[in-house]
Amino acid sequence: MSRVYIFDTTLRDGEQTPGISLNVEEKLEIARQLAKLQVDVIEAGFPIASPGDFAATAAIAAEIQGPVIAALARATVKDIEAAAAALQEAKNPLIHTFIATSPIHMEYKLRKQPAEVLRMVEEAVKGARQFVDDVEFSAEDATRSDLVFLAEVVSTAIAAGATRINVPDTVGYTTPGEYRRLIRYLKEHVAGIDGIQLSVHCHNDLGMAVANSLAALEAGATQVECTINGLGERAGNASLEEIVMALATRQDTYGLHTEIVTEHIYRTSHLVSALTGVPVQPNKAIVGNNAFAHESGIHQDGFLKARSTYEIMTPQSIGLHQSRLVLGKHSGRHAFREKLKELGYNLSEQDTEQAFQRFIALADKKKEVSDRDLDALLKEELVAIPESFTLDYIHISSGNQTVPTATVRLTRGERGIAEAACGSGPVDAVYRAIDRASGIPVQLESYALQAVTGGKDALGEVTVRISDNGSSYTGRGISTDIIEASARAYVHALNKLVYQKGPDSKNVARQEGDV
Ligand code: KIV
Ligand code: ZN
């Protein structure tokens with residue numbers, strides 16, 4: 001069986017999902033999980049794009065062992081130098097350089113003639129090879145490019161020293177049959193193509209990113225670029241978990257294998273969802289909450305007689321386990337530690353103790369604490385940022401015949417700051433009171449509430465996105481009280497803002513209202 005190489009671009013193309021903004025610690029945490037998943041390449045960022053992207057790429061390059069670490073660069077000297085500098089500490093660095101090759105992009109975006117593009121391809125690949133031995137060249141919008149010109153571009157890149165060639169379906173326009181033919185055409189018309197990694201990269205505008213990627217692999221592509229949960233520009237990229245599980249489940253058809261540790265898929269998906277604030281739709285293939293749920297009586301009957309009647313892969317194969325250990329308020333530290341191990345968490349002593357205290361508080365309100373509750377709770381311990389503000393106290397008065405009013409007290413350092421406000425509803429009132437107490441006026445861009453499990457005593461999980469001067473920050477909060485969860489999420493996002501902007505974030509030094 002031939003091997004397919006998995007090039008994960010969650011931290012680069014995935015981070016281009018509208019509204020997502022991950023800080024360096026969050027990107028590092030995702031990169032650590034991708035290394036456990038055993039992806040072959042982690043595309044860590046686009047270093048020239050921003051100081052944050054540069055810092056995250058450099059931090060991942062310095063810490064993560066195992067996968068190749070890639071950085072993106074346009075076909076310019078400045079971009080390539082920035083990528084090389086960010087990758088300096090990587091054990092296995094890869095510079096990924098690209099330029100568009102379709103008539104529409106060359107004419108309207110680049111305003112360049114094909115001959116000039118060809119010259120830039122050669123210079124970019126040669127320039128990148130001066131810094132690293134592993135260079136990928138991508139022909140952006142390859143699927144809308146002229147075939148003969150595309151073959152010339154690819155030949156030029158290989159002759160200049162590219163070790164990987166990527167043929168992206170940048171706008172999600174191709175179809176499985178067409179993409180298969182394109183890959184075959186390149187394999188037949190480009191000298192030296194069999195000696196390099198031939199990569200595909202599909203966007204999901206017509207919902208065919210995974211199908212197109214699989215078709216290209218059938219035609220002889222050896223590497224596939226994809227993202228966790230299918231995150232990415234517009235409708236997203238091909239989803240890693242769908243490609244990997246399709247190859248694993250249908251080895252009879254594809255005869256291909258990956259080195260992915262599939263048992264880490266579920267945790268990776270949930271970590272990415274928690275840190276990006278982008279929920280996974282319930283019916284999402286592989287990792288959606290309903291992916292292994294059987295609702296209809298006929299299905300349940302068949303499933304109970306033999307799981308294989310309605311299950312083509314096991315939940316265990318993606319890391320979803322039937323729990324041996326159910327926790328409640330009488331569970332002690334020993335059981336809690338065992339459960340952390342069972343769920344695959346590896347927390348420091350201090351984080352474990354902090355998580356245990358939060359578990360005890362939750363178990364007081366909820367009879368049984370499920371694995372999903374714990375996952376939701378533990379995610380908050382994973383990427384702990386300094387808490388400039390803590391939520392001390394919250395009181396609301398609300399009803400259908402009264403003006404919703406909230407009183408909130410935040411602590412900043414030694415100082416307590418109390419404020420009250422009215423709003424159109426209790427969440428609005430709480431957020432207005434927090435705005436006053438923090439002194440940081442922000443815009444609320446999005447708010448989402450979901451129950452972590454079923455039942456009236458379920459934990460509510462709130463995800464918010466706030467913005468300030470064009471930068472956005474995601475916050476998460478959980479509680480059995482949805483108003484408290486809403487307040488915690490908002491304060492979490494504010495803390496990220498202060499952390500990223502520095503303690504001088506405006507207006508935090510207000511005095512009136514201090515208690
Ligand atoms: O979709 C695309 O073409 C890209 C390239 C930069 C590879 O993301
Ligand atoms: Zn892309």
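Residues numbered from 1 in each chain as written. Chains lettered and ligands numbered in written order. Predicted model: local features only at pLDDT ≥ 70, side-chain atom pairs only at ≥ 80, totals over all residues. Heavy atoms only, no water.

Q: What is the right way to look at the site of ligand 1 in this model?
A: Arg12, Asp13, His96, Phe98, Ser138, Glu140, Asn166, Pro168, Thr170, His201 and His203 make up every residue found near ligand 1. Bound to the protein, ligand 1 loses 94% of the 260 Å² it would expose on its own. Secondary structure elements with two or more residues in the shell around ligand 1: strand E5 (93-100), strand E6 (135-140) and strand E7 (164-169). For the shell around ligand 1, the class distribution of residues is two nonpolar, six polar and three charged. (Near = heavy atom within 4 Å. Areas by Shrake-Rupley, 256 points an atom, 1.4 Å probe, with all protein chains shown as cover. Helix = DSSP H or I, 4+ residues; strand = E, 2+ residues; numbered from the N terminus. Nonpolar A, V, L, I, M, F, W, Y, C, P; charged D, E, K, R; others polar.)

Q: Please explain the coordination of the zinc ion (ligand 2) as it appears in this structure.
A: Reference values for angles at a metal are 109.5 degrees in the four-donor tetrahedral case and 90 or 180 degrees in the six-donor octahedral case. Protein coordination at the zinc ion (ligand 2) comes from Asp13 (OD), His201 (NE2) and His203 (NE2), with a distance range of 2.0 to 2.1 Å. Positions of the donor residues of the zinc ion (ligand 2), expressed as sequence spacing, correspond to D-x187-H-x1-H. (Donors = N, O, S within 2.8 Å, 3.2 Å for Na, K, Ca; no water.)

Q: Looking at this model, I keep getting lost on the side chain of Thr143. Mind explaining?
A: Within the element layout of this structure, Thr143 appears in the loop between E6 and helix H6 (147-160). Of note is the side chain of Thr143, whose polar atom sits 2.6 Å from the side chain of Asp169. (Polar contact = N/O pair within 3.5 Å; in protein donor to acceptor, adjacent residues only side chain to side chain.)

Q: Even after reading the chapter, I still don't get unusual backbone geometry, so can you show me in this structure?
A: Glycine aside, residues mostly have negative phi angles, and peptide bonds mostly take the trans form. With a phi angle near 65°, Gln38 is a residue other than glycine that sits in the positive phi range. Along the polypeptide, Gln38 turns up in the loop between helix H1 (24-37) and strand E3 (41-45). In this structure, Asn229 takes a positive phi of about 60° despite not being glycine. By relative accessible area, Asn229 is classed as buried at 14%. (Buried < 20%, exposed > 50% of the residue type's maximum accessible area, 1.4 Å probe, protein only.)

Q: I'm lost on the sheet that holds strand E17 (residues 460-468) in this one. Help?
A: Hydrogen bonds between backbone groups are what pair the strands of a sheet, and the pairing can be parallel or antiparallel. An order of E16-E17-E18 is seen for the three strands of this open sheet, with the pairing classed as antiparallel. Strand pairing shows two members of the sheet lacking a second neighbour, strand E16 (443-451) and strand E18 (471-479), which therefore form its edges. Across the sheet, the mean angle from the axis of one strand to that of its neighbour is 15°, orientation sign disregarded. Pairing geometry for E16 and E17, over eight bridges, is antiparallel. Counted as the bridge partner of Tyr447 is Val464 from E17. Sitting on the sheet, helix H17 (residues 482-501) is in contact with E16, E17 and E18, with an inclination near 145° to E18. (Pairing = 2+ DSSP bridges. Axes fitted to C-alpha atoms, helices over the stretch in contact; angles between N-to-C directions. Contact = heavy atoms within 4.5 Å.)

Q: Just checking my understanding: could you explain the domain arrangement of the protein for this structure?
A: Annotation of the protein at the domain level lists domain 1 (2-276), domain 2 (297-379) and domain 3 (390-505). Centre-to-centre separation of domain 1 and domain 3, based on C-alpha positions: 38 Å. Counting residues at the interface gives seven residues for domain 1 and seven residues for domain 3. The contact between domain 1 and domain 3 buries some 650 Å² in all, and 37% of this surface belongs to carbon and sulfur atoms. (Domains from an automatic or database assignment. Buried area = accessible area lost by both parts, 1.4 Å probe.)

Q: In this structure, what is going on with the packing of H1 against helix H2 (residues 51-63)? I would like to understand it.
A: Remark: H1 packs on H2, axes separated minimally by 9 Å, with the N-to-C direction vectors making an angle of 35°. Crossing geometry of H1 relative to H2 is assigned as right-handed. Here Val24, Lys27, Leu28, Ala31 and Arg32 of H1 lie close against H2, whose contacting residues are Gly52, Asp53, Ala55, Ala56, Ala59, Ile60 and Glu63. (Left-handed = near helix turned anticlockwise from the far one by under 90°.)

Q: Just to check I follow, could you spell out the nonpolar core for this structure?
A: If you look at soluble globular proteins, the nonpolar side chains tend to sit buried side by side. By size, the foremost hydrophobic cluster in this structure holds 92 residues, and its most contacted members are Ile6, Ile69, Ile95, Phe137, Ile165, Val167 and Leu186. Looking at which element gives the most residues to this core, the answer is H6, with eight residues. When sequence neighbours within four positions are dropped, the list of residues in contact with Phe137 reads Thr97, Phe98, Ile99, Val121, Val125, Val153, Ala157, Ala162, Arg164, Ile165 and Asn166. Counting residues in hydrophobic clusters, the runner-up holds 28 residues, among them Ile417, Ala437, Val442 and Ala489. (Core = buried A, V, L, I, M, F, W, Y, C linked by side-chain atoms within 4.5 Å.)

Q: How do you make sense of the pairing of strand E4 (residues 68-74) when you look at a structure like this?
A: Regular strands place side chains that alternate from one sheet face to the opposite one. Burial analysis of E4 places six of its seven residues in the buried class, the great majority of the element. Pairing geometry for E3 and E4, over four bridges, is parallel. When the sheet's bridge partners are listed, Ile42 is paired in E4 with Ile69. Note on the crossover from E3 through H2 to E4: the handedness is right-handed. As defined by bridge partners, E4 adjoins E5 across six bridges and the pair is classed as parallel. What sits directly across from Ile69, in E5, is Pro93. One crossover worth recording links E4 to the parallel E5 by way of helix H3 (residues 77-86), and it is right-handed. (Right-handed = clockwise from strand over helix to strand, strands pointing away.)

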